[in-house]
Amino acid sequence: MKSQEVVSSFRLKNEVDLVSRKLTRIQQYADSLRSQSHEYNNKLHTIAGLIQIGAVEQALKVIGQETSSHQSFIQTIMKATSDSILAGCLLGKYNRARELNLELAIDDDSQMSDIPASLPREQLVSILGNLIDNALEATLRHHGSGGMVLLSMSDLGKELIFEVNDQGPGIAEGEQDKIFTRGYTTKDVEGHGIGLHLVKQLTEHLGGIITVEPAEPSGSRFTVYIPKSLRRSDNATKHGQEEQQ
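Thresholds, definitions, all that
Residues numbered from 1 in each chain as written. Predicted model: local features only at pLDDT ≥ 70, side-chain atom pairs only at ≥ 80, totals over all residues. Heavy atoms only, no water. Axes fitted to C-alpha atoms, helices over the stretch in contact; angles between N-to-C directions. Helix = DSSP H or I, 4+ residues; strand = E, 2+ residues; numbered from the N terminus. Left-handed = near helix turned anticlockwise from the far one by under 90°. Contact = heavy atoms within 4.5 Å. Core = buried A, V, L, I, M, F, W, Y, C linked by side-chain atoms within 4.5 Å. Buried < 20%, exposed > 50% of the residue type's maximum accessible area, 1.4 Å probe, protein only. Pairing = 2+ DSSP bridges. Parallel < 35°, antiparallel > 145°, perpendicular 65-115°, else oblique. Nonpolar A, V, L, I, M, F, W, Y, C, P; charged D, E, K, R; others polar. Salt bridge = Lys/Arg side-chain N within 4 Å of Asp/Glu carboxyl O. Expected span 1.5 Å × (residues − 1). Polar contact = N/O pair within 3.5 Å; in protein donor to acceptor, adjacent residues only side chain to side chain.

A. Region of the structure containing the packing of helix α4 (residues 121–142) against helix α5 (residues 195–205). Where α4 contacts α5, the two axes come as close as 9 Å, and the packing angle between them is 150°. When you trace α4 past α5, the crossing you get is left-handed. Of the residues in α5, those touching α4 at Gln123, Ser126, Ile127, Asn130, Leu131 and Asn134 are Gly195, Leu196, Leu198, Val199, Leu202, Thr203 and His205.

Now the structure itself:
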């Protein structure tokens, strides 16, 4: 009887978390591109249909409305930030919101241009992207079509501040700490309970904090504070360097 050899492979938990974060970012980018593609396809089909039935004036009106709305949001982004990666993330989420028949709005007073060069952009958009996705889901479930998610940004002072307001059902006081726990979710669907956990991990990795409180007149307000001078431990810094590789 031949003996059998067994080989065991072990990976550090940090490496597993690193791979998980990278896969999450790839999924976010793919979702943004898919949302944008669906949005434009729907519009093009509508315009093509109007032209085919001879409703040329209505087709031109749809084109004008689409161009006006899109250009307005792009101008708002350009006014708020000069960072192309952040702008690209917000435009992708805007398209995602429209696909869900929701609105993503940016506060007119938002300003986010003084972003340190040392701040990893992929981590920043992962934090913001997950927060907006969570807000859109909560708003759609509770408010339905026509709901709005409002984003406010500020780079004044020593911190970068991102505030996301949704029109969801709100979060009970006793649940506010639990929502950042990996796997915790109020949805009866597998695969949830990761986004907010990832947001908290990345925020703390950058030396920041995240808070949640009731919004007015309803919903929740998530606020992320990220210091411009990154305060990371030696272990976190090493982990960040590995992530860049």
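That was the structure; now back to the text.
B. Geometry of the nonpolar core. Ranked by internal contacts, the top residues of the largest apolar core, which has 40 residues, are Leu90, Leu131 and Met153. For this core, the element with the most residues is α4, which contributes seven residues. Once you skip the residues sitting within four places of it in the chain, leucine 90 turns out to touch Phe73, Ile77, Leu104, Ile106, Leu128, Ile132, Leu151 and Met153. Formed by five residues, the second largest nonpolar core is a distinct cluster that contains Ile47, Ala55, Ala59 and Val62.

C. Summary view of the sheet that holds strand β3 (residues 159–165). Read across the sheet, five strands follow the order β1-β2-β3-β5-β4 without closing on themselves; strand pairing throughout is mixed. Bordering the open sheet on either side are β1 (103–106) and β4 (209–214), each of which pairs with just one other strand. Strand-to-strand twist across the sheet, computed as the mean angle between neighbouring axes with direction ignored, equals 15°. Direction of pairing for β4 relative to strand β5 (residues 220–227): antiparallel, over a ladder of six bridges.

D. The packing of helix α3 (residues 84–99) against α4, seen in detail. One way to put it is that α3 packs onto α4 with a least axis distance of 10 Å and a crossing angle of 20°. Classified by the angle between their axes, α3 and α4 sit roughly parallel to one another. Between α3 and α4 the crossing geometry is right-handed. Contacts between α3 and α4 involve Ile85, Leu86, Cys89, Leu90, Lys93, Arg96 and Ala97 from the first element and Arg121, Val125, Leu128, Gly129, Ile132, Asp133 and Leu136 from the second. Residues belonging to the contact of α3 with α4 are distributed by class as follows: nine nonpolar, one polar and four charged.

E. Layout of the pattern of salt bridges. Counted according to the given criterion, the structure contains seven salt bridges. The shortest N-O distance in the salt bridge between aspartate 133 and lysine 93 comes to 3.0 Å. Of this pair, aspartate 133 sits in helix α4 while lysine 93 sits in helix α3, placing them 40 residues apart in sequence. Judged by its relative accessible area of 4%, lysine 93 falls in the buried class. Across the pair arginine 96 and glutamate 99 runs a salt bridge, and its minimum N-O distance is 2.4 Å. A residue pair is termed a helical-turn pair when its members lie 3 or 4 positions apart in one helix, as arginine 96 and glutamate 99 do in helix α3 at three residues. Overall, the relative accessible area of 30% leaves arginine 96 in the partly exposed class. When its relative accessible area of 25% is taken as the criterion, glutamate 99 is described as partly exposed. One salt-bridge network, in which partners are shared between bridges, spans Glu163, Glu213 and Arg221.

F. Inspection of α3 at higher detail. With 16 residues, α3 extends 23 Å between its outermost C-alpha atoms, agreeing within 8% with the 22 Å of an ideal straight helix rising 1.5 Å per residue. Of the residues making up α3, those classed as buried are Leu86, Ala87, Cys89, Leu90, Gly92, Lys93, Tyr94, Asn95 and Ala97. Between the side-chain oxygen of the N-cap and the backbone nitrogen of isoleucine 85 there are 3.2 Å, and the N-cap of α3 in question is aspartate 83. The positive-phi residue at the C-terminal boundary of α3 is asparagine 101, with phi of around 65°.

G. How the structure looks around unusual backbone geometry. The linkage connecting glutamate 216 with the following residue, proline 217, adopts the cis geometry, with an omega of 0°. Within the fold, proline 217 resides in the loop between β4 and β5.

H. Local environment of the side chain of histidine 197. Here histidine 197 is to be found in helix α5. Residue classification places histidine 197 among the buried residues on the basis of a relative accessible area of 17%. Residues contacting histidine 197, with those up to four places away along its chain left out, are Phe180, Thr181 and Arg182.

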